[in-house]
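Structural description and commentary
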Amino acid sequence: MSTVAVTGRIEAHAVDVWRLLTDLPGRARRHLAGPVELLTSGPFGPGTSWREPRFQPDGGLLVEEFCVVEAVPPRRLVLVSSGVGVDYRITWELRGAGRRHHGCTLASVTLAAFPVDPYGRVAALFLGALAARAMEHALRTDLADLAAAVEGFSSAVRAA
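Just so it is clear, the structure is predicted and the values come from calculations on it, not from any experiment.

1. Here's the deal with helix H1 (residues 14-21)
Here H1 lies mainly inside the structure; six of its eight residues are buried. Restricting attention to buried positions, one finds in H1 the residues Ala-14, Asp-16, Val-17, Trp-18, Leu-20 and Leu-21.

Written as structure tokens, this is what we have:
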């Protein structure tokens, strides 16, 4: 298993961060290559699943499928996703940034990769460091995109 984590401060309340983090149709307006395809119906929560097309660092296109396994609004979101030979667990945690940064949220996202077959174990052995850097870059991009969207949303709400 390998784990990568990133944390950043977002200039918005956790409830606003949660709202945009869980806005599946709105995800396409941020960093995706196309619209999100919802695979389930009903309110967002455990069991919600979807597919989203994403650009890879090399410019290629990858369609990923995610499923919510835990949702504790507006504090914690856990997703799972299967890749080729590897299963992923993505955990988002949101908490207040403290009195000094009142109204801000510390957002942490952790991705844990679990090889599930011989191919995944061999790839992890030979490509571990390279894969970890790529995963960290993807998490930083997701966090930055979320922060930009939330901070823009919060500014618009304050101006209204």
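Now, onward.
2. Some points on the sheet that holds strand S5 (residues 76-82)
Reading across from one edge, S1-S7-S6-S5-S4-S3-S2 is the order of the seven strands in this open sheet, with antiparallel pairing throughout. Unpaired on one side and paired on the other, strand S1 (2-10) and strand S2 (37-38) mark the two borders of the sheet. Note that S5 and strand S6 (residues 86-96) share seven bridges and pair antiparallel. From the neighbouring strand, Leu-79 faces S6, where its bridge partner is Ile-90. Each of S1, strand S4 (61-72), S5, S6 and strand S7 (105-115) is contacted by H1, which is oriented at about 150 degrees to S6, the strand it contacts most.

3. Re unusual backbone geometry
The peptide bond linking Pro-73 to Pro-74 adopts the cis configuration, its omega dihedral lying at -15 degrees. One can find Pro-74 in the loop between S4 and S5.

4. What to know about the pattern of salt bridges
Applying the stated criterion across every chain yields a total of 10 salt bridges. Here Arg-76 ties to Glu-70 by a salt bridge, and the two come within 3.0 Å at their closest N and O atoms. With a relative accessible area of 25%, Arg-76 lands in the partly exposed category. The residue Arg-76 makes a salt bridge to Glu-93 at a minimum N-O spacing of 2.4 Å. A residue pair is termed long-range when its members are at least 10 positions apart, and Arg-76 in strand S5 and Glu-93 in strand S6 qualify at 17 residues. Each member of the salt-bridge network shares a partner with another, and the members are Glu-52, Arg-54, Glu-64 and Asp-142.

What counts and how
Residues numbered from 1 in each chain as written. Predicted model: local features only at pLDDT ≥ 70, side-chain atom pairs only at ≥ 80, totals over all residues. Heavy atoms only, no water. Buried < 20%, exposed > 50% of the residue type's maximum accessible area, 1.4 Å probe, protein only. Helix = DSSP H or I, 4+ residues; strand = E, 2+ residues; numbered from the N terminus. Pairing = 2+ DSSP bridges. Contact = heavy atoms within 4.5 Å. Axes fitted to C-alpha atoms, helices over the stretch in contact; angles between N-to-C directions. Salt bridge = Lys/Arg side-chain N within 4 Å of Asp/Glu carboxyl O.

The values reported here are purely geometric and, on their own, carry no functional implication.
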